[in-house]
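Architecture at a glance
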Amino acid sequence: NPGPRWSLSAWYAYLDSPEELHPDESIHRYGAAALTTQGGGRFNGALVWGANAKLGGATSHSLLAEGDLELRGGQHLFGRAEYVRKTAEDLVVPAAPPGESYDIGSVVLGYLKDWGAFGVGARGSIGFVPAALESGYDSRTPVGVAIFARWRPR
């Protein structure tokens, strides 16, 4: 690792016939990640890239960036942005042609307040899907909201 607050990693795997539905397809999986913690743990972040390469087929990529910023008094702001390229079959969208690949993205932002071992928070998300998949998602920009509680026993 380049320093005490950074972690870098990379990986590769060959999966011989990993899918029961497609036993004749093997896949190469590879990726890389950079993780950091800054300010004594007040900011934690990650950047992760990965890919699946079907033998004799297309390669699908994914990218993730996320972070958590701890403010005063146990308050956290967090966010995540994702991009993936997937086939209609991977996305389980029956109306789309199964051989086509699509770019999908999402952004999540949230807030969490901790009181000792307990916390309460909320998060909102928005997705980005291409026009060809709009009917499967009922929108080009599906949104979501969640309110949550957590307990971390010590």
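The structure under discussion appears in the preceding block.
Structure report, in brief. (Residues numbered from 1 in each chain as written. Predicted model: local features only at pLDDT ≥ 70, side-chain atom pairs only at ≥ 80, totals over all residues. Heavy atoms only, no water.)

Observations regarding the overall build of the protein
To be explicit about the condition: Each helix corresponds to a stretch of at least 4 residues labelled H or I by DSSP, and each strand to a stretch of at least 2 residues labelled E; elements are numbered beginning at the N terminus. Between buried and exposed lies partly exposed: a residue is buried under 20% and exposed over 50% of the maximum accessible area for its type, with that area taken using a 1.4 Å probe on protein chains only. Working rule for contacts: check all heavy atoms of both residues, and any pair within 4.5 Å makes them a contact. Only the protein chains shown count as cover for residues, with accessible areas throughout obtained via the Shrake-Rupley method and a probe of 1.4 Å.
Helix and strand counts for the protein stand at two helices and eight strands. Its C-alpha atoms give the protein principal-axis dimensions of roughly 55 × 40 × 25 Å. In the protein, which comprises 154 residues, the proportion classed as buried is 23%. When contacts within the protein are restricted to residue pairs at least 6 apart in sequence, long-range pairs at least 24 apart make up 38% of them. Total accessible area on the protein is roughly 9900 Å²; 60% of this is exposed by carbon and sulfur atoms.

Considering the pattern of salt bridges
Going by this rule: What makes a salt bridge here is a side-chain nitrogen of Lys or Arg within 4 Å of a carboxyl oxygen of Asp or Glu, nothing more.
The full count for this structure, using the stated rule, is five salt bridges. Members of the salt-bridge network, linked through shared partners, are Glu 66, Arg 80 and Glu 82.

What to know about unusual backbone geometry
Note: most peptide bonds trans; most residues except glycine with negative phi. Residues other than glycine seldom take positive phi values, yet Asp 138 does so here, at roughly 65°. Checked against the element boundaries, Asp 138 lands in the loop between helix 2 (134-137) and strand 8 (143-151).

Remarks on the environment of Ala 13
Its place among the elements puts Ala 13 in strand 1 (residues 6-15). Overall, the relative accessible area of 28% leaves Ala 13 in the partly exposed class. Contact partners of Ala 13, with chain neighbours within four places excluded, come to Ile 27, His 28 and Arg 29.

Notes on the nonpolar core
The line we're drawing: Here the nonpolar core consists of buried residues drawn from Ala, Val, Leu, Ile, Met, Phe, Trp, Tyr and Cys, with membership extended through side-chain atoms lying within 4.5 Å.
Core analysis: the largest hydrophobic core is formed by eight residues, namely Ala 88, Leu 91, Val 93, Ala 96, Tyr 102, Ile 104, Val 129 and Leu 133. At the level of elements, helix 1 (88-91) and strand 6 (101-115) are the ones that each hand at least two residues to this core.

With respect to the layout of surface pockets
Basically, it comes down to this: The way it works is a 1 Å grid over only the protein atoms, where trapped points that fit a 1.4 Å probe form a cavity and open points with protein on both sides within 12 Å along at least five of seven lines form a pocket, and then any residue with an atom within 4 Å of a point lines it. Grid points are joined across faces, edges and corners, and a volume is the space filled by probe spheres set on the points.
Its boundaries defined by the atoms lining it, the largest pocket holds a volume of some 470 Å³. In terms of lining residues, the largest pocket is bounded by 20 residues, among which Glu 25, Lys 54, Ser 60, Thr 87 and Asp 90 are the most central. Elements that contribute at least two residues to the lining of the largest pocket include exactly strand 2 (27-38), strand 3 (43-54), strand 4 (59-70), strand 5 (75-87) and helix 1. Broken down by element, the residue count for the lining of the largest pocket peaks at three residues, all from strand 5.

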